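Understanding the architecture of this molecule
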Amino acid sequence: MREAPHISIVSPVYKAEAILENLVSEIHLAMKLVGKTYEVILVDDRSPDNSWDLMTRISANDPNIKSVRLSRNFGQHPAIMAGLSCASGEWIVVMDCDLQDQPKEITKLYHEATNGYDIVLARRKNRKDGFLKKISSKLFSIAYSYLTETKFDNTIANFGIFNKKVISEVLLMNDYIKSFPLFVNWVGFRSTVVDVEHAGRESGKSSYTFSKLLSLAFNTIISFSDKPLKLFVKFGMIMSLFSFVFGLVTVYRYFDGEIQVLGYSSLMVSIWFLSGIIITTIGIVGIYVGKIFDQSKNRKPFIIDQILN
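Residues numbered from 1 in each chain as written. Predicted model: local features only at pLDDT ≥ 70, side-chain atom pairs only at ≥ 80, totals over all residues. Heavy atoms only, no water.

Another point: the overall build of the chain. Counting its secondary structure elements, the chain contains 10 helices and eight strands. Looking at the chain residue by residue over its 309 residues, the buried ones come to 46%. Partitioning the intrachain contacts of the chain with sequence separation of at least 6 by distance along the chain shows that 83% fall at a separation of at least 24. Approximately 16700 Å² of the chain is accessible, and the part contributed by carbon and sulfur atoms is 60%. (Helix = DSSP H or I, 4+ residues; strand = E, 2+ residues; numbered from the N terminus. Buried < 20%, exposed > 50% of the residue type's maximum accessible area, 1.4 Å probe, protein only. Contact = heavy atoms within 4.5 Å. Areas by Shrake-Rupley, 256 points an atom, 1.4 Å probe, with all protein chains shown as cover.)

What follows covers helix 3 (residues 76-86). The buried fraction of helix 3 is high, at nine of 11 residues. Turning to helix 3, its buried residues number three or more, namely H77, P78, A79, I80, M81, A82, G83, L84 and C86.

Ranked by internal contacts, the top residues of the largest apolar core, which has 35 residues, are I7, I9 and L42. If you tally residues by element for this core, the top one is helix 1 (residues 20-34), at six residues. With near-sequence residues (within four places) excluded, I7 lies in contact with M31, V34, K36, T37, Y38, E39, G89, W91, V93 and Y110. Counting residues in each nonpolar core, the second largest holds 27 residues, with V43, F74, A82 and I167 among its members. (Core = buried A, V, L, I, M, F, W, Y, C linked by side-chain atoms within 4.5 Å.)

This next bit is on the pattern of salt bridges. Counted according to the given criterion, the structure contains seven salt bridges. Between E105 and K108 there is a salt bridge; the shortest N-O distance is 3.2 Å. On the basis of relative accessibility, which here comes to 38%, the residue K108 falls in the partly exposed class. Between D195 and R123 there is a salt bridge whose closest N-O contact spans 2.7 Å. (Salt bridge = Lys/Arg side-chain N within 4 Å of Asp/Glu carboxyl O.)

Here V13 is to be found in strand 1 (residues 7-13). Placed 56 residues apart in sequence, V13 and R69 show a C-alpha to C-alpha distance of 9.4 Å. Among residues more than four places away in sequence, those in contact with V13 are L20, L42, V43, D44, D45, S47, S51, M55 and C97.

Let us now look at the packing of aromatic side chains. In this description, an aromatic ring pair is defined by two values, namely the gap between the centres and the angle between the planes. Counted under the stated rule, the structure contains one aromatic pair. A ring pair is formed by F162 and F180, whose centres lie 5.2 Å apart and whose planes are at 85°; its orientation type is edge-to-face. With F162 in strand 6 (residues 156-163) and F180 in helix 7 (residues 180-187), the pair connects residues that are 18 residues apart, well separated along the chain. Of the residues examined, F162 reaches a relative accessible area of 0% and is grouped as buried. We classify F180 as buried; its relative accessible area is 1%. Above the face of the F74 ring, R72 is positioned so that its terminal group lies 3.9 Å from the ring centre. Cation over ring: R190 sits above Y117, and NZ or CZ is 4.5 Å from the ring centre. (Phe/Tyr/Trp six-rings, centres within 6.5 Å; stacked < 30°, edge-to-face > 60°. Lys NZ or Arg CZ within 6 Å of the ring centre and 35° of its normal.)

So, about the pairing of strand 3 (residues 65-70). The buried fraction of strand 3 is high, at six of six residues. The pairing of strand 2 (residues 38-44) with strand 3 spans five bridges and is parallel. Pairing of V40 across the sheet is with I65, part of strand 3. Once the chain exits strand 2 it traverses helix 2 (residues 51-61) before rejoining the sheet at strand 3, and the crossover so formed is right-handed. Bridging between strand 3 and strand 8 (residues 304-308) involves four bridges; their strand directions are antiparallel. Of the residues in strand 8, the one forming a bridge with L70 is I304. (Pairing = 2+ DSSP bridges. Right-handed = clockwise from strand over helix to strand, strands pointing away.)

For helix 1, which comprises 15 residues, the first-to-last C-alpha distance of 21 Å matches the rise-based estimate of 21 Å (1.5 Å per residue) to within 8%. Of all the positions in helix 1, only L20, L23, V24, I27, H28, A30, M31 and V34 are classed as buried. Lining the buried residues of helix 1 we find strand 1, strand 2, helix 2, strand 3 and helix 4 (106-113). In the segment just after helix 1, G35 is the residue with positive phi, at about 80°. (Expected span 1.5 Å × (residues − 1).)

Here you go:
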């Protein structure tokens, strides 16, 4: 029986056929500098190219490479969670496969972790992403920070090193909508940040279109915060107050002779007041439905089809 590796490196794979061999080669070079036993877990998120065929060949020739294939495309963060569930190291590194997260930085992350930290996150000093991705990430961080009343740094993504006790707690989070960096932010533990070099994309382009980024942001915020519902409750209360004031003004105008149409006053007061009450009620019910929804997410976030090595 093989001895459990000291470090596990998890990387979700999607449309990475052109860079996989380079990724594995650079990880090997970086881990020689670290000087610890390790395993590399590549998770094929049912990529439409030949990534899995290449992963199969790599695993056949390298016992340190564990290749995992999902039953369908579940998305980047469920793929990360699938890889974490297969990791056996004392420390787990999570990184993207596009080589924008550079394997050589693992040495820096690991050395910082040995100073007594459970989590060491990689902060990209100078992001080499496109304008759209940068601005959407910035807007998401502002919205998420406001709606969850937490501080979210858009220069930090998936790349980092984590003690196995942190990953154990992350895997216990049963939210159907997965967001690895937000899970890490929520579980706590002693953490720090290290500045790393962020590289440009070696080949291809990001699979995250604007619509996918928007959908991911919306789903993540709804999953992690009920503040939007509370805002609707406040809005409903403001509408009710406004309708009450408007009703007093309308009644005054009626008795002052400014309104001659019969039924106008009662109709306007009823519409405005009842609209405010309805919005408030929907908001309150929505909060309870949201809480029930959070507790009823029992579907598996990923299904593993094959594991090699």
